[in-house]
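As a plain string of letters, each chain reads:
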Amino acid sequence: DRVFWATAQATDCSGGASSARGGEATVAALLVVFEMPAASSGADGAGGWLLCYGFDAEPFRLYPDVRVEVFALHGPVLTTAVVFTAERLLPSGYGVAAGDRAYWVPAGSLGCDESFEQYGGEAAVALVDGLLVANHTASSAALGLELCYKFEGDDVHLYPALARNVLGVSTPGSVLAVVGVAEAVTFAGVGLAAGDQAFWLPLPSTGLPSDGADECEAAAAEQPDGGVATLGTALTASFAFAQPHADARLCYAHASAGKPWQLYASLRLVAAQVLGPLATVAVAGVREVFAPPGVGVAAGDSAFWVKSESAAAKCANGASGALPSLGGLFKLVATVAAPVGSFTPTETALGLQLCYRFQVEAWRLYPAVTLDVFGLTGSGGAARAVVLSPATVTVQGVGVANGDKVYWAPAGTTACAARPPAVQLGGAKSVANGVASFTFARGTGALGYVLCYKFGTEPYRIQPLINLGVAEVQGPFVQIAPLQLEKSVVLTGTGLADGDAAYFVAKSVASCSEDARLGNLATRQGGAFVFKFGNLTLGGALCYRFGPADVPAADGSTLAWTRFSVPTLTVTYPSDPFALAYFAKVLPTGAALGQQTLVTVSGTGFEPAVAKASVIRCSFNEVISLPVSVGAKAIVCQTPAFAAVDSAVAFSLLALETDGSGSPREPVSITSTFAAYDNANVTVTALSPPGGPQGVLNALVSLQGEGFVDYGQLTVRFVGKGDVTASIPDAGVSEALCVAPYATPRLGTPTVVGVELALNGKAYTSSGLSFTLYTALVVSGAPLGAPLSAA
């Protein structure tokens, strides 16, 4: 059979077939196929074409009730969209109606098997304001997309001639600009062209705007910071920011395509700037940590300091302008709190300016961010002090001002914070006209004291260029000399040297005076002094001068004499049982009121006294008693029960026999500073910490209170757990440190023990405080891990 379509106005089939209506076709397998080159709209087909059918060889016959309508889509041929913005499709053709469906597929697609969500997905055609519209919002840019269209009730068809370009900016994803420096930004994406415009929209604290396009439109009209830039042929635009911005997003207008402003929320810019600190103080020779506040400051940034003269030129030279003496080039590293850098200047200077580089950006000079490097260039006055004698130090350098604070710390101190001022080292003193004065207490003689200096409100810092030696005679604590015979005496201590001079005075003489001298004035040679005495003496005191008489002190004054409490001198006959004895120490050096206390004198050369043990006696303020024991290396005495406080009890040993002249022997003075003290004046007011875990070794405990003095055997008793030795770190402060006794860990109720303190290791005073020993047992924990670099 044969078939063709006649016009809508035909009354018969005499007009024949037309290629415009698909021509004539032959039925095969009860199916006939036409390719319609045009729609059935217009005068030729209003209402649809009519069927002409010829059975086999029969003539064609018109069947007016069998009609066909041919739909067609003609346009638009090309539309342009921008990513993230809804773009309208206004389909034109014959048969277009609300309810049709449309979507876009990549160029070169062979069919419409899939709708692509990144190109807006499938959208319905709807009647809006008298227009048939389909809206698509693409999230990816692409050129030459092809339209897939589905007329209501029909299959979807591909229209490769109907295309869409989706424009979009893809890079740069992140831009770092520096305030005050023009930043050239090269854009890349799809459909970008010279003449497009861009600027950066700072985000408010509330975050991304709800309608970015409107925000961009409004901001563009107000000339945003950084300016609205037009892209050149290389798709590059330049921005110069006057203010820092922690987070700005790209506003872009595809002007070449006639598109309005669009916000690209994923493309971010930081306009970086160092905002301070406006003034920093460092100390020469001390590592300084620098954490600059600002916008865009990050680990990996670089910095160095330059002098104000030609600072801009030095900064422009980059790292080559960094001087090691000013701290050199340093990089910021990440910390939990903020990125920090560190540098160690060795040269003092005022008004240094910061040269800073954000990541790989150009170096930028920040003249308002300044650094003063303070430092002491030296000191005048005493380079060596003597205990008990005021030592004046004159500090010189950059940044020195009245009201600065200064103190001395023991040798080996690397951080002043770890060694607060000690009263026994003179404490912390204020600088007045560059001068401070210190007096070191007895027992502090040592070399290498280091200076801790506080410039204004800055923290204390070590001054490595300034050291102090504190000289002191520290032993022996007793010296026996035979009458009329030369005696070689080796004194021990700190700062002693050949050429020093010494003599003895009577114990009743409060200060050094050659008019009160006992025996000769001796000079140290080969490490020893040679003395000779013509009179018996009990309890003589040493006067010592560090340095020879013809060498003045550092300040030009005459070297002073210092009276020391050791050694205590006794001049006796050579036949005295103690004439050859060496006394090493006496423990304890104090006794509590109302208690008889055992005191041990140890040393060597006591054999003659052992041989005459029956006549050996102990004397405390001339109260004579039998010794508890007399041995070749130790003699034990017992004090009387003192009734009154006395810090100068005279303790001596004597033999109840006659000397070479037939008179009773004079006592041998052991010490004139044995103490009788009142335990009622000793109070412990606090323990720190008040407890500790069982099973821990070397747990340090601090006792604070009043009346603390170390009489040689300072002891803390943890009742029921044992006694431990204690120490007083600063003789001017009532604080004792000890190590808590070890306690075997055990579960159950914590153990509470009382704490007592004995200044002499014998007479304990109850503190009324307790120390708690507990067992800390970890049962579980969460989390049990963390990713690397996680805070």
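Presented here is a report on the structure given in the accompanying data block.

### Regarding the pairing of strand β26 (residues 302–306)
Phase 1 of the analysis: Here β26 lies mainly inside the structure; 5 of its 5 residues are buried.
Phase 2 of the analysis: A two-sided burial pattern is seen for β26, the buried positions comprising S302, F304 and V306 on one face and A303 and W305 on the other.
Phase 3 of the analysis: The pairing of β26 with strand β29 (residues 349–357) spans 5 bridges and is antiparallel. Each residue of the ladder has a partner; that of W305, found in β29, is L354.
Phase 4 of the analysis: Relative to strand β27 (residues 330–331), β26 is paired through 2 bridges, and the arrangement is antiparallel. Paired with S302 across the bridge in β27 is K331.

### Concerning the side chain of D730
Phase 1 of the analysis: Among the secondary structure elements, D730 is positioned in the loop between β59 (722–727) and β60 (735–739).
Phase 2 of the analysis: The charged side chain of D730 is buried without a salt bridge, its nearest counter-charge being R419 at 9.5 Å.
Phase 3 of the analysis: At 2.5 Å, the side chain of D730 and the backbone nitrogen of V423 are in polar contact.
Phase 4 of the analysis: Setting aside anything within four residues of it in sequence, one finds D730 in contact with P421, A422, V423 and Q424.

### What about the sheet that holds strand β54 (residues 668–677)?
Phase 1 of the analysis: The sheet built from 5 strands is open, its strands ordered β47-β54-β53-β49-β50 with mixed pairing. Of all strands in the sheet, those bounded by a partner on one side alone are β47 (590–592) and β50 (623–625). If you compare each strand with its neighbour and ignore which way they point, the axes differ by 30° on average.
Phase 2 of the analysis: Examined bridge by bridge, strand β49 (residues 616–620) and β50 share 3 bridges and lie antiparallel to one another. Considered in β50, the bridge of C618 is made with S625.

### What to know about the sheet that holds strand β42 (residues 517–523)
Phase 1 of the analysis: One open sheet accounts for 5 strands, arranged β38-β45-β44-β41-β42; its pairing is mixed. Only two strands of the sheet have a single neighbouring strand rather than two, namely β38 (478–482) and β42. Put simply, the sheet's adjacent strands are angled 30° from each other on average, direction ignored.

### What about the state of the cysteines?
Phase 1 of the analysis: Per the stated rule, a full pass over the model turns up 7 disulfides.
Phase 2 of the analysis: Here C112 is linked by a disulfide to C148, with a sulfur-sulfur distance of 2.0 Å. Disulfide C112-C148: torsion about the S-S bond near -90°, hence left-handed. Separated by 36 residues along the polypeptide, C112 in the loop between β9 (101–105) and β10 (123–124) and C148 in strand β13 (residues 142–150) bring together distant segments of the chain.

Reading the values: the criteria
- Residues numbered from 1 in each chain as written.
- Predicted model: local features only at pLDDT ≥ 70, side-chain atom pairs only at ≥ 80, totals over all residues.
- Heavy atoms only, no water.
- Buried < 20%, exposed > 50% of the residue type's maximum accessible area, 1.4 Å probe, protein only.
- Helix = DSSP H or I, 4+ residues; strand = E, 2+ residues; numbered from the N terminus.
- Pairing = 2+ DSSP bridges.
- Lys, Arg positive; Asp, Glu negative; His and termini not counted.
- Salt bridge = Lys/Arg side-chain N within 4 Å of Asp/Glu carboxyl O.
- Polar contact = N/O pair within 3.5 Å; in protein donor to acceptor, adjacent residues only side chain to side chain.
- Contact = heavy atoms within 4.5 Å.
- Axes fitted to C-alpha atoms, helices over the stretch in contact; angles between N-to-C directions.
- Disulfide = S-S within 2.5 Å.

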